[in-house]
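Each chain is listed here by its residues.
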Amino acid sequence: MHAAGAAYRQNEAVPYYRDEGVVLRTQKLGEADRIITLLTREHGRVRAVAKGVRRTTSRFGARLEPFSHVDLQFAEARTLDVITQAETLRPYAARMGADYGAYTAGTVMLETAERLVTEDGEPAVQQYLLLVGALRAVCEAGRPAPQVLDAFLLRSLAVNGYAPSFDACARCGVEGPHVAFNPSAGGMLCAGCRLPGSARPAEETVSVLAALLSGDWDVVTAAEERHLREASTLVAAYLAWHLERGLRSLSHVQR
Ligand SMILES: [Zn+2]
């Protein structure tokens, strides 16, 4: 993964690299360290060690909490790279932590991003931009966290090759509107393709789903609560189908 790291010799300068990223998760390591899992702009998912960050004297421990958007310097190492500098770009950890609804929705975003980016060190720029955009939408644009989450989940699945279809039939492609929704089939189904057990969402709910996917916030903002809720249920079903098992954190989201 780190080509430059292969050439380690004594007295050779340690290779450093910089990137920006969002902290997805932290785990304790030893007495005072943490392993920080990040989604970075250039290097995709990165797991790196932050040394001494659990000591109260740590210079950057507080900057490496989940949701933190940080600029980082890493030192390459044989196993896990080491974080040597961390500067806060946006204080999303504090803002997400101050609002329970935002926090629970945001936790699903972090977990989904970690699950969908399966290879450490492989760039996942679209997924990274979706995550930063969603945090910005909640923390800066003040958009409702449950709908930002639903839009994030649909778009995340789309950039990973599981784009749902809310207009044309997901199986045969005939133009909609259609009345049946089936996660396993990839979205809406026409009368001829309809599978047993398909949901029959309200027409307005299908419009909300399409608007969440395309980012048409005028439609989302104008929607009735019951249609937003029904859309959330279908997004959760779609996500669950496409991830091997459901996300633990999703059950905590207030919808
Ligand atoms: Zn069809």
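This section reports on the structure supplied with the text. Each residue is numbered by its place in its chain's sequence as written, counting from 1. Since the coordinates come from a predicted model, pLDDT governs what is reported: local features require at least 70, and pairs of side-chain atoms require 80 or more to be given and counted, while whole-chain, interface and lining totals use all residues. Excluded from the side-chain calculations are hydrogens and water; all other atoms, namely the structure's heavy atoms, are used.

## Looking at the overall build of the chain
Argument step 1. Strands are runs of DSSP state E lasting at least two residues, helices are runs of H or I lasting at least four, and both sets are numbered from the N terminus onward. Helices and strands together make up the secondary structure of the chain, namely 7 helices and 7 strands.
Argument step 2. Each helix (α) and strand (β) of the chain, taken in turn from the N terminus, gives the series β-β-β-β-β-α-α-α-α-β-β-α-α-α.
Argument step 3. Referenced to the eigenvectors of the C-alpha coordinate spread, the extents of the chain come out at roughly 70 × 40 × 30 Å.
Argument step 4. By residue count, 47% of the 255 residues in the chain fall in the buried class.
Argument step 5. Taking as baseline every contact in the chain between residues at least 6 positions apart, the subset at least 24 positions apart corresponds to 55%.
Argument step 6. All accessibility values rest on the Shrake-Rupley procedure with a 1.4 Å probe; residue burial counts only the protein chains present in the view. Total accessible area on the chain stands at roughly 12,800 Å², and carbon and sulfur atoms take up 48% of it.
Argument step 7. Between the averaged position of the 28 positive side-chain charges in the chain and that of its 29 negative side-chain charges there is a distance of 6 Å. Relative accessibility decides the category of a residue: with a 1.4 Å probe and only protein chains considered, values under 20% of the type maximum give buried, values over 50% give exposed, and everything between is partly exposed. By the convention used here, residues are in contact when the closest approach between their heavy atoms is within 4.5 Å. Only four residue types enter the tally: Lys and Arg on the positive side, Asp and Glu on the negative side, with His and both chain ends excluded. By convention, the point assigned to a charge is CZ for Arg, NZ for Lys, CD for Glu and CG for Asp.

## Here's the deal with the pairing of strand β1 (residues 16-29)
Argument step 1. What makes two strands pair is DSSP finding at least two bridges between them. Direction of pairing for β1 relative to strand β4 (residues 69-75): antiparallel, over a ladder of 7 bridges. If you follow Y17 over to β4, its bridge partner there is F74.
Argument step 2. With 8 bridges joining them, β1 and strand β2 (residues 33-40) adopt antiparallel strand pairing. Across the sheet, L29 pairs through a bridge with D33, a residue of β2.
Argument step 3. Between β1 and β2, which pair antiparallel and follow one another directly, the connecting turn spans 3 residues, one of which, G30, has a positive phi of 60°.

## Some remarks on the packing of helix α3 (residues 125-139) against helix α4 (residues 145-159)
How two helices sit against one another is set out by the angle between their axes and by the gap between those axes.
Argument step 1. Whenever a helix is involved, its axis is fitted only over the stretch in contact; in every case the axis is a line through C-alpha atoms, and angles between N-to-C directions fall within 0 to 180 degrees. Interaxial distance between α3 and α4 falls to 10 Å at its minimum, and their mutual angle equals 170°. Considering their axes alone, α3 and α4 lie roughly antiparallel with respect to each other. Contacts between α3 and α4 involve Q126, Q127, L130, L131, A134, A137 and V138 from the former and A145, V148, F152, R155, S156 and V159 from the latter.
Argument step 2. When residue character is reported, Ala, Val, Leu, Ile, Met, Phe, Trp, Tyr, Cys and Pro are called nonpolar, Asp, Glu, Lys and Arg charged, and the others, Gly included, polar. Here the residues of the contact of α3 with α4 sort into 9 nonpolar, 3 polar and 1 charged. Should an angle fall under 35 degrees it is taken as roughly parallel, and over 145 as roughly antiparallel, whereas 65 to 115 is taken as roughly perpendicular and any remaining angle as oblique.

## Looking at the sheet that holds β1
Argument step 1. Overall, mixed pairing links the 5 strands, which are arranged β1-β2-β3-β5-β4 in a closed barrel. Pairwise comparison of adjacent strand axes, ignoring direction, gives a mean angle of 50° for this sheet.
Argument step 2. Sheet strands in contact with helix α2 (residues 100-116) are β1, β2 and β3 (44-50), and its direction is about 110° off that of β1.
Argument step 3. Taken strand by strand, α3 contacts β1, β2 and β4, and its axis lies near 70° from that of β1.

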